[in-house]
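Structural overview
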Amino acid sequence: MYYELIPQNGDTLAVPLLVFSNLPRADENCMRVALYVLQTGCTDSTVIARELGLRSVHAAERALQWWAGAGLLKAHRGHSPEPAVLPAAEPEPDLSLVLCDPRIALIMEQAQSCLGGALSSQESRNLASLYTTEGYAADVILLCLSHLTGQPGVNLNAVRSELKRWKKAGVRSGEDVERLLALEERRAEHEAFVATLLGKGGSSLTPSERRSVQRWYEKYGFNDEMVQNAVQYLGAERTVWAMNDILKGWHEKGWRTPQDLRGGIVFGRNIRVDSAPAVPAAPTAPRSPTRKLRLKREDR
């Protein structure tokens, strides 16, 4: 008869090499206690003695001391600290009282239109908590619901994510929402314009390319005409990065309008060569007054 180790495909337990190095010296109780501690993390001798069926609590305590001496555990004086008391969960508010607030009632009505159906009690509580607990202004929530209405896959998680995104962008009131949405609409138009110039779809721009386009319009102050002019000086590389090199150079030179480009010729990237001034003719020496004029004979 011989034996073969069965491959273990289930849960496993990581055992430090320290345990194996002390295996010849440890007795049965020590090994059982070590494996139990590694599995559960519990070092309470009373619990260990009960769970492992040891003869006494002293046997568990002796095994713990042995592993403390071996370096597997660390001993501390006194009693083990009491586990932290978790704060009691706040009771859920009475939904009927919450709906008495006219602003929340208006939010619920708009949410039903946005989500396309009646809300469950839990959905209503979660939606109300955006206003009562998380501190979003009622007009911001209403504008968010109105903004997401009709978009595919809209749910409460999408509403919460959009509100978090707006909050990160500095939105605190309805006026902030309107400014943000107007800014995002302008950015979408600029991105679509640049993508069309480069012969690609607007959705194909990467996030970093979109940030570059935003920089041209919002930091450099260029308009569509300047951006379109940059395309004329692109070489074989027709990319956002090549356009960025050109527009960045123009910005550094202080060129803001197409009129600034008409005083010269732009070659390649960011190089402007102004037309050379006319070279004045060399002055002729004055004729001596005593020199006779020689008339040019006309051919007959």
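Residues numbered from 1 in each chain as written. Predicted model: local features only at pLDDT ≥ 70, side-chain atom pairs only at ≥ 80, totals over all residues. Heavy atoms only, no water.

1. Focus on the overall build of the protein chain
Helix and strand counts for the protein chain come out as 14 helices and 2 strands. With 300 residues in all, the protein chain has 29% of them scored as buried. Restricting to contacts in the protein chain with at least 6 residues of sequence separation, those with at least 24 account for 52%. Accessible surface for the protein chain amounts to roughly 21300 Å². Of this, 53% is attributable to carbon and sulfur atoms. (Helix = DSSP H or I, 4+ residues; strand = E, 2+ residues; numbered from the N terminus. Buried < 20%, exposed > 50% of the residue type's maximum accessible area, 1.4 Å probe, protein only. Contact = heavy atoms within 4.5 Å. Areas by Shrake-Rupley, 256 points an atom, 1.4 Å probe, with all protein chains shown as cover.)

2. A word on the pattern of salt bridges
Within this structure, the stated rule accounts for 8 salt bridges. We note a salt bridge from Glu51 to Arg50, for which the minimum N-O separation is 4.0 Å. The exposure class of Glu51 is partly exposed, given its relative accessible area of 48%. Close ionic contact of Glu134 with Arg160 constitutes a salt bridge, the shortest N to O distance being 2.2 Å. Taken together, the residues span a long stretch of sequence, with Glu134 in the loop between α7 (121-132) and α8 (138-148) and Arg160 in helix α9 (residues 156-168) at a distance of 26 residues. Residues joined by salt bridges that share partners form a network here, namely Glu162, Arg165 and Glu184. (Salt bridge = Lys/Arg side-chain N within 4 Å of Asp/Glu carboxyl O.)

3. Here we look at the environment of Arg238
Turning to its location among the elements, Arg238 is positioned in the loop between α12 (224-231) and α13 (240-253). On the accessibility criterion, Arg238 (40% relative accessible area) is partly exposed. For the pair Arg238 and Leu198, spaced 40 residues apart in the sequence, the C-alpha separation amounts to 6.4 Å. Not counting residues up to four positions away in its chain, the partners in contact with Arg238 are Leu197, Leu198 and Val231. Within the local environment of Arg238, its side chain forms a polar contact with the backbone oxygen of Leu197, the two atoms lying 3.3 Å apart. (Polar contact = N/O pair within 3.5 Å; in protein donor to acceptor, adjacent residues only side chain to side chain.)

4. Some points on helix α3 (residues 45-52)
Along α3, the positions that sit buried rather than exposed are Ser45, Ile48, Ala49 and Leu52. Relative to the axis of α3, the buried residues are bounded by an arc of 100° and lie together on one face. On its buried face, α3 sits against α2 (28-40) and α4 (57-70). The N-terminus of α3 is capped by Asp44, whose side-chain oxygen sits 3.0 Å from the backbone nitrogen of Thr46. (Arc of directions from axis to C-beta.)

5. Some points on the nonpolar core
By size, the foremost hydrophobic cluster in this structure holds 25 residues, and its most contacted members are Leu127, Ile141, Leu163 and Trp166. Among the elements of the structure, α6 (102-115), α7, α8, α9 and α10 (174-197) are those that each provide at least two residues to this core. When sequence neighbours within four positions are dropped, the list of residues in contact with Ile141 reads Ile107, Leu130, Tyr131, Tyr136 and Leu163. Val213, Phe222, Leu247 and Leu261 belong to the second largest nonpolar core, which has 23 residues in total. (Core = buried A, V, L, I, M, F, W, Y, C linked by side-chain atoms within 4.5 Å.)

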